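Spelled out, the chains give:
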Amino acid sequence: MEPGRPGRCHGSGPTEAALDDDELVTRVRAGDREAYDALVARHTASAYRTAVLLGAGPDAEDVVQEAFVKAYRKLSRYRGEAGFRSWLLAIVANETRNLHRARTRRDGLTLRAAAADPVAAVTADDGLDAVLAAERRAALVGALRRLPGRDREVIVCRYLLDLGEDETVTVLGLPRGTVKSRTHRALAKLRALLDREVAHRG
């Protein structure tokens, strides 16, 4: 049976929903496929959002599916230091990078979840404040798209996915000092891009 598909319940202990990630991992290693289904259900939304925000675009579902398959195969390597979610998102990030390398067009980074034409979605009844908020959101998305990939990754992790510094270190596979310095530089670049956008709009 493939990981992530419904299976037979093992034993009569606590339900999967009541168990924490490490307890579920222990069950999976003992042969409980349904415990992995619970992990998949628990973390699919977070994994999908990560893939989209890192630029997987319409291929995000494929990236997430491949990440869960690889996580299942590599579960023996999971040590639990950073938590299963961070470990999984690191695999998602790596799969997204693999997708970028395989693409022939470098402009395939779309941030589709955040960029779904926010201005067009505003109706006349929403008022000036809503229109301005949508325009600011559109400007932010546009600025993010123009950042280099490594800068976009750290901004996405720290501010769009709201990951802590430890989680970002795990997800991106970078030293803590690199995450700190890259975050600082990326924010400065993002502010400069936004300032230019504001000046351009007058």
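Residues numbered from 1 in each chain as written. Predicted model: local features only at pLDDT ≥ 70, side-chain atom pairs only at ≥ 80, totals over all residues. Heavy atoms only, no water.

The tally for this structure, following the rule as stated, stands at eight salt bridges. Residue E153 is joined to R97 by a salt bridge in which the shortest nitrogen-to-oxygen separation is 3.1 Å. Here the residue E153 occupies a position in helix 6 (residues 149–160), and R97 occupies one in helix 4 (residues 84–102), the gap between them amounting to 56 residues. The salt bridge involving R176 is made with D166; its shortest N-O contact spans 2.5 Å. (Salt bridge = Lys/Arg side-chain N within 4 Å of Asp/Glu carboxyl O. Helix = DSSP H or I, 4+ residues; strand = E, 2+ residues; numbered from the N terminus.)

Okay, the environment of S76 next. Counting through the fold element by element, S76 comes out in the loop between helix 3 (60–73) and helix 4. Separated by 51 residues in sequence, S76 and V25 have C-alpha atoms that sit 9.5 Å apart.

This brings us to unusual backbone geometry. You will see that D162, though not glycine, has its phi angle at about 60 degrees, which is positive. By the element assignment, D162 lies in the loop between helix 6 and helix 7 (165–172). Residue classification places D162 among the exposed positions, given a relative accessible area of 63%. (Buried < 20%, exposed > 50% of the residue type's maximum accessible area, 1.4 Å probe, protein only.)

Below, the discussion takes up the nonpolar core. Membership of the largest hydrophobic core comes to 49 residues, with the highest contact counts inside it found for F84 and I155. Every element with two or more residues in this core is listed here: helix 1 (21–29), helix 2 (33–53), helix 3, helix 4, helix 5 (127–146), helix 6, helix 7 and helix 8 (176–201). The leading source of residues in this core is helix 2, at nine residues. Once residues within four sequence positions are removed from consideration, I155 is found in contact with L144, L147, L160, A186, L187 and L190. (Core = buried A, V, L, I, M, F, W, Y, C linked by side-chain atoms within 4.5 Å. Contact = heavy atoms within 4.5 Å.)

Our focus in this paragraph is the environment of V40. Looking at the secondary structure, you find V40 in helix 2. Taking the C-alpha atoms as reference points, V40 and V64, 24 residues apart in sequence, are found 9.9 Å from one another.

This part takes up the confidence of the model for the protein. Per-residue confidence for the protein averages 79 on the pLDDT scale, and 73% of its residues sit at or above 70. Confidence, read as mean pLDDT per element, is least for helix 5 in the protein (72) and greatest for helix 3 (95). Every residue in residues 4–13 scores below 50 in pLDDT, and together they form 16 contacts with partners more than four places removed in sequence or on other chains. For the stretch residues 104–125, pLDDT sits under 50, and the model shows 38 contacts to residues farther than four places along the chain or on other chains. (pLDDT = per-residue confidence, 0-100.)

For helix 2, spanning 21 residues, the distance from its first C-alpha to its last is 29 Å, which sits close to the expected 30 Å at 1.5 Å a residue. Where helix 2 bends most, at H43, the angle is about 50 degrees. The backbone nitrogen of E34 lies 3.0 Å from a side-chain oxygen of the residue at the head of helix 2, namely D32. Downstream of helix 2 by one or two residues, G55 has phi in the positive range, about 110 degrees. (Expected span 1.5 Å × (residues − 1). Bend = angle between axes of the 7 residues up to and from the residue. Polar contact = N/O pair within 3.5 Å; in protein donor to acceptor, adjacent residues only side chain to side chain.)

What follows is about the environment of T183. By the secondary structure assignment, T183 is in helix 8. The exposure class of T183 is buried, given its relative accessible area of 9%. The sequence separation of T183 and Y159 amounts to 24 residues, and the corresponding C-alpha distance is 10.0 Å. In contact with T183, other than residues within four places in its own chain, are V154, R158 and Y159.

Let us now look at the packing of aromatic side chains. If you walk through the whole model with that rule in mind, you get four aromatic pairs. Ring geometry for Y78 and F84: centres 5.8 Å apart, planes at 85 degrees, overall edge-to-face. Taken as a pair, Y78 and F84 share a single burial class, namely buried. For the pair Y78 and W87, a centre-to-centre distance of 5.3 Å together with 50 degrees between the ring planes defines the contact as tilted. Its relative accessible area of 5% is what places Y78 among the buried residues. Here W87 falls in the buried class, since its relative accessible area comes to 17%. (Phe/Tyr/Trp six-rings, centres within 6.5 Å; stacked < 30°, edge-to-face > 60°.)

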